[in-house]
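Structure at a glance
Listed here are the chains, written in short residue letters.
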Amino acid sequence: MRAVNEMIEKAQALGASDIHLVAGLPAKCRVDGRIETLFPEVLAPEDCEAYAKELAGGKYEQIKEIGELDMARTFPCGVRTRINLFRQQNAVSAAIRLLKDKIPELDTLGLPSVVVDFPKYRSGIVLVTGETGSGKSTTLASVLNSINHTRQNHIVTLEDPIEYVYTPDLCVINQREIGRDTRSYADGLRAILREDPDVILIGEMRDLPTVETALTAAETGHLVFATLHTNSAADSIDRIVSVFPQGQQQQVRLQLSTTLKAVLSQQLIPHRSGKGRVVACEVMVVNSAIRNLIREGKTPQIANFITTGGQSGSITMDNFLIDLWKTGKISSEMAYQYAFDEEYLRKQVR
C-alpha cells in the first residue's frame, strides 16, 4: 500500500487539484479537469479503511457515527490539504483537495484587462461566479493580494476552506475558516462588521442572512468580494434577488443597483494544445444603464447592454470565447461546447 505522503507528492508534481481513493479502483487524481490514474494498484476496501484511519487520526470514530468527516491537514511534504472522508457501499472513500500555496499575479491569469481595476474599488460589491473548479478562488486571491501590496487596509475573509494563505504586507489580514473559526457564513459576517474591516471576502453567498449582511456592508462603505455558483451576470442578479421574500425583492434590486460594481463569470477550458486550461470570462461593469435594468427587474436585457458596453470593459462570454479561438488558445469544438449561445458562436467561428 502506497504512503499517503507519496500520493500527495506525485499528485502535486502532476499539477493535480484533487485525489480520489475509492475501493475497487486505482488511486485517481484530477489534472486539468480530467480524472486520471495516479497509481495502477487497485484499492481493496481494507486499503481505503487504512488510509481513512491514517488521514483522520483520532477523529476516525466520527466516520462510524455520522458517515463522513471534513478536515484540514498539512503533510510532511509541505502541501496543505482539505480532506473529506465518507462511507459508501460498505467502504470508506476519500476526496483530498490539494490547496495552493502561491498566489499568482493578477495580470498573469488571462483575465479581461478591466479586472486589474478591481483592487482600486473603495466600496461596493464585486461578484466572481462560476461552477466549482472554475478558478474563482484564485482570481479573488490575486485581487486581494494586489490590495495587500498597494493599500493600507484591514482585510477580513470568510472561507470554506481557506485555500490561499496571505502574507500581510501593507494590509492587516484576518482569515477565518467556516466550521473552525466561526460556525457559519452568517455568524461570521455578522461579527465582521464589528471588526473594523475595509475589505471583506465572503467565500460563498448561500443564504438570506449572508446576502442581507453583505448588502448592508457594501452600503456602509465596505468593499465586499463574494462568489456565487452562477454562470452569467444576469443569473447572479436573479439568484441574489430570489433569496428574498417577494415583498422585499424590489428593495433588494434597489440596493443592488447602488452597490454592485462588477460581476465576473468564469469557466476553465482545455487548451488547444491538450496541456493545461485557459480561463474564459464574462464581465459586467455596472454603469447607469445596467443600474436601471437592475432596479426595474429587466435582467434578461442585461446581456445586450454588456455587448454594447465594451468601452467600460464589459464583454460577453461568447465574445470572449471568440477571442480565445482567434488567438489559437482553444479549438472551435471547445468554443461551441462552452458557449452560452451556440448558434451565435457557430456564425462567428468556423
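Residues numbered from 1 in each chain as written. Predicted model: local features only at pLDDT ≥ 70, side-chain atom pairs only at ≥ 80, totals over all residues. Heavy atoms only, no water.

Topic: the overall build of the chain
Within the chain one finds 13 helices and 13 strands. Taking 2.2 N^0.38 as the reference for a compact globule, 350 residues should give roughly 20 Å; the C-alpha atoms of the chain span a radius of gyration of 22 Å, in line with that estimate. The dimensions of the chain, computed from C-alpha atoms along their principal axes, are 60 × 55 × 40 Å. Across the 350 residues of the chain, 49% fall into the buried class. Nonlocal contacts in the chain, meaning residues at least 24 apart in sequence, comprise 56% of its contacts between residues at least 6 apart. Carbon and sulfur atoms make up 47% of the accessible area of the chain, which amounts to about 16,400 Å² in all. Separation between the mean location of the 39 positive side-chain charges and that of the 43 negative ones in the chain comes to 3 Å. (Helix = DSSP H or I, 4+ residues; strand = E, 2+ residues; numbered from the N terminus. Rg over C-alpha atoms; globule rule 2.2 N^0.38 Å. Buried < 20%, exposed > 50% of the residue type's maximum accessible area, 1.4 Å probe, protein only. Contact = heavy atoms within 4.5 Å. Areas by Shrake-Rupley, 256 points an atom, 1.4 Å probe, with all protein chains shown as cover. Lys, Arg positive; Asp, Glu negative; His and termini not counted. Charge placed at Lys NZ, Arg CZ, Asp CG, Glu CD.)

Thoughts on the sheet that holds strand E7 (residues 124-129)
Strand order in the open sheet made by the seven strands is E9-E8-E10-E11-E7-E12-E13, with mixed pairing throughout. A single partner strand is all that each edge strand has here, and the edge strands are strand E9 (172-177) and strand E13 (277-285). Adjacent strand axes in the sheet meet at a mean angle of 15° when their direction is disregarded. In terms of strand pairing, strand E8 (residues 154-159) meets E9 through six bridges, oriented parallel. Within E9, the residue paired with threonine 157 across the bridge is glutamine 175. Taken strand by strand, helix H5 (residues 185-192) contacts E8, E9 and strand E10 (199-202), and its axis lies near 170° from that of E8. (Pairing = 2+ DSSP bridges. Axes fitted to C-alpha atoms, helices over the stretch in contact; angles between N-to-C directions.)

Looking at the confidence of the model for the chain
Summarising the model, the chain shows a mean pLDDT of 93, and 99% of its residues fall at 70 or more. Within the chain, the element-level pLDDT minimum falls on helix H3 (residues 61-66), averaging 82, and the maximum on strand E1 (residues 18-21), averaging 98. (pLDDT = per-residue confidence, 0-100.)

Overview of the pattern of salt bridges
Across all of its chains, the model carries 16 salt bridges by this definition. Note that aspartate 160 is salt-bridged to arginine 82, the shortest N-O span being 3.5 Å. Taken as a pair, aspartate 160 in the loop between E8 and E9 and arginine 82 in strand E5 (residues 80-88) lie far apart in primary sequence, 78 residues in all. For arginine 82, a relative accessible area of 12% puts it in the buried group. A salt bridge links arginine 346 to glutamate 342; the nearest nitrogen and oxygen atoms lie 2.8 Å apart. Taken together, the positions of arginine 346 and glutamate 342, both in helix H13 (residues 342-348) and four residues apart, correspond to about one turn of that helix. Under the relative-accessibility criterion, arginine 346 is labelled partly exposed at 40%. Assessed through its relative accessible area of 36%, glutamate 342 is described here as partly exposed. Linked by salt bridges that have partners in common, Asp70, Arg82, Asp160 and Glu177 make up one network. (Salt bridge = Lys/Arg side-chain N within 4 Å of Asp/Glu carboxyl O.)

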